[in-house]
Amino acid sequence: MSMPQQVRLVEVGPRDGLQNEKQPISVADKVRLVDDLSAAGLRYIEVGSFVSPKWVPQMAGSAEVFAAIQQQPGVTYAALAPNLKGFEGALAAGVKEVAVFAAASEGFSQKNINCSIAESLQRFEPIMAAAREHGVRVRGYISCVLGCPIDGDVAPEQVAAIARELLDSGCYEVSLGDTIGVGTAGDTRRLIEVVGRDIDRSLLAGHFHDTYGQSLANIHASLLEGVAVFDSSVAGLGGCPYAKGATGNVASEDVLYLLNGLGIETGVDMAALVQAGQHICNVLGKANGSRVARALLAREQA
Ligand SMILES: CC(C)(COP(=O)([O-])OP(=O)([O-])OC[C@H]1O[C@@H](n2cnc3c(N)ncnc32)[C@H](O)[C@@H]1OP(=O)([O-])[O-])[C@@H](O)C(=O)NCCC(=O)NCCSC(=O)C[C@@](C)(O)CC(=O)[O-]
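Residues numbered from 1 in each chain as written. Predicted model: local features only at pLDDT ≥ 70, side-chain atom pairs only at ≥ 80, totals over all residues. Heavy atoms only, no water.

The chain appears in an unreviewed UniProt entry as hydroxymethylglutaryl-CoA lyase from Pseudomonas abyssi. Check the Sequence similarities (unreviewed entry) section of the UniProt entry for the chain; it says "Belongs to the HMG-CoA lyase family." (UniProt positions renumbered as here; feature names shortened; annotations may be inferred.)

So, in structure tokens, the structure goes:
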């Protein structure tokens, strides 16, 4: 398997990153983040979620964020939708691409979306039908592909079966999420090998959280297996409310540094990305979670 020459980065910071923040974040700050990210050259940005505000209060203002961002040509601005109500909210906000999200473990499915895996897949059917009718593209996520904070080990065959169902129902791509960041490069290769038996690897994306510091190794392992789409979060924003100590996604800056070093094309400007990440960290009063951003900013100040 040869390494891809081009990689698509899916920037999930405004959604996966910010959804876990307890402090209020203004619509203006969220809009600035999204606009900074598109200006940095990111061509796919997950802007928000149309989920129950009782479950994820931070995403309640997603429609306002969509209304205020400066949508650039060639950039996909996506949102999460867990059910038809969420899809309709997204549609009303003018969203052209949504993501549905399932889990590979029953425990996480119940905790995150209050239903079994089978029920969640059934719940997506009316979304897929409505999406077809309105010309909205649907991406699929599977959480806990390399381990679950509630159920423990997850069989790659289980992930493969759910990925197959999501693609058969109409998702154009499935993002495999190591939600609690426990997986190693070996686990990642085995997972892609099993999922890839029946599914073309061009239909898979990797979504690695960095809790155990393995995310870049897992991305490299995925690249060697022919995966060419990766989700990441600027400044490593994020966490997981159901796993104590879980950190955010792999930082976008760190992924870009890895890809630049491999000569893989992304079209993203490092300096602008670092500025975007540092600005939102200043707003949140948080340390920057990207090691690359910290190193580059320290060099600037030296
Ligand atoms: C799925 C539900 C709604 C089920 O939640 P439920 O309580 O079973 O739903 P329900 O249908 O019984 O509705 C309960 C209330 O929520 C409202 N409601 C219902 N749906 C919506 C909606 N779409 N938008 C706004 N409101 C909604 C509904 O109207 C009702 O309001 P009430 O009558 O009580 O006032 C809930 O569990 C939920 O919203 N969960 C979302 C959880 C979430 O967003 N998690 C984070 C994203 S997933 C993730 O981060 C992982 C990922 C993707 O990044 C990959 C990885 O790292 O693994």
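And the narrative resumes.
K.L.:
Help me understand the pattern of salt bridges, please; the structure alone is not making it clear to me.
P.N.:
Proximity of charged atoms lets side chains of opposite charge pair with each other. Scanning all chains against the criterion turns up 14 salt bridges. Arginine 190 is the salt-bridge partner of aspartate 187, the closest N and O atoms lying 3.1 Å from each other. Linking aspartate 187 with arginine 190, this pair stays in helix H8 (residues 185–195), spanning 3 residues, or about one helical turn. (Salt bridge = Lys/Arg side-chain N within 4 Å of Asp/Glu carboxyl O. Helix = DSSP H or I, 4+ residues; strand = E, 2+ residues; numbered from the N terminus.)

K.L.:
For this particular structure, what's the right way to read the UniProt feature "domain: Pyruvate carboxyltransferase" (unreviewed entry) in the chain?
P.N.:
Residues annotated in UniProt with the feature "domain: Pyruvate carboxyltransferase" (unreviewed entry) correspond here to residues 7–274. Taken end to end, residues 7–274 comprises 41% helix and 16% strand; its first and last C-alpha atoms sit 19 Å apart.

K.L.:
What should I look at first to understand the site of the ligand in this one?
P.N.:
As a structural note, the neighbourhood of the ligand is formed by 25 residues, with Lys54, Asn112, Asn114, Ser143 and Thr179 the closest of them. In this structure, glutamine 19 approaches the ligand through a side-chain N or O atom, which is 2.9 Å from an oxygen atom. Protein chains bury 73% of the 1,100 Å² of accessible surface belonging to the ligand in isolation. At the level of elements, helix H1 (13–17), helix H4 (84–92), helix H5 (106–113) and strand E5 (137–143) are the ones that each hand at least two residues to the shell around the ligand. Residue classes in the shell around the ligand are distributed as 10 nonpolar, 10 polar and 5 charged. (Near = heavy atom within 4 Å. Polar contact = N/O pair within 3.5 Å; in protein donor to acceptor, adjacent residues only side chain to side chain. Areas by Shrake-Rupley, 256 points an atom, 1.4 Å probe, with all protein chains shown as cover. Nonpolar A, V, L, I, M, F, W, Y, C, P; charged D, E, K, R; others polar.)

K.L.:
Before we go on, may I ask you to explain the nonpolar core in this structure?
P.N.:
Nonpolar side chains tend to gather and get buried jointly when the protein is soluble and globular. Counting 88 residues, the largest nonpolar core has Ile142, Val159 and Leu166 as its most contacted members. Apart from residues no more than four positions distant in its own chain, valine 159 is found in contact with Ala104, Ile142, Val145, Val154, Leu176, Leu191 and Val195. Tyr44, Phe101, Cys115 and Tyr172 belong to the second-largest nonpolar core, a separate cluster that totals 13 residues. (Core = buried A, V, L, I, M, F, W, Y, C linked by side-chain atoms within 4.5 Å. Buried < 20%, exposed > 50% of the residue type's maximum accessible area, 1.4 Å probe, protein only. Contact = heavy atoms within 4.5 Å.)

K.L.:
Before we go on, may I ask you to explain the pairing of strand E8 (residues 229–232) in this structure?
P.N.:
The side chains of a regular strand alternate, first on one face of the sheet and then on the other. Of the two faces of E8, the one holding Val229 and Asp231 and the one holding Phe230 and Ser232 are both buried throughout. Here 2 bridges tie strand E7 (residues 204–208) to E8, and the two strands are oriented parallel to one another. From the neighbouring strand, histidine 207 faces E8, where its bridge partner is aspartate 231. Crossover E7 to E8 through helix H9 (residues 215–224) is right-handed. (Pairing = 2+ DSSP bridges. Right-handed = clockwise from strand over helix to strand, strands pointing away.)

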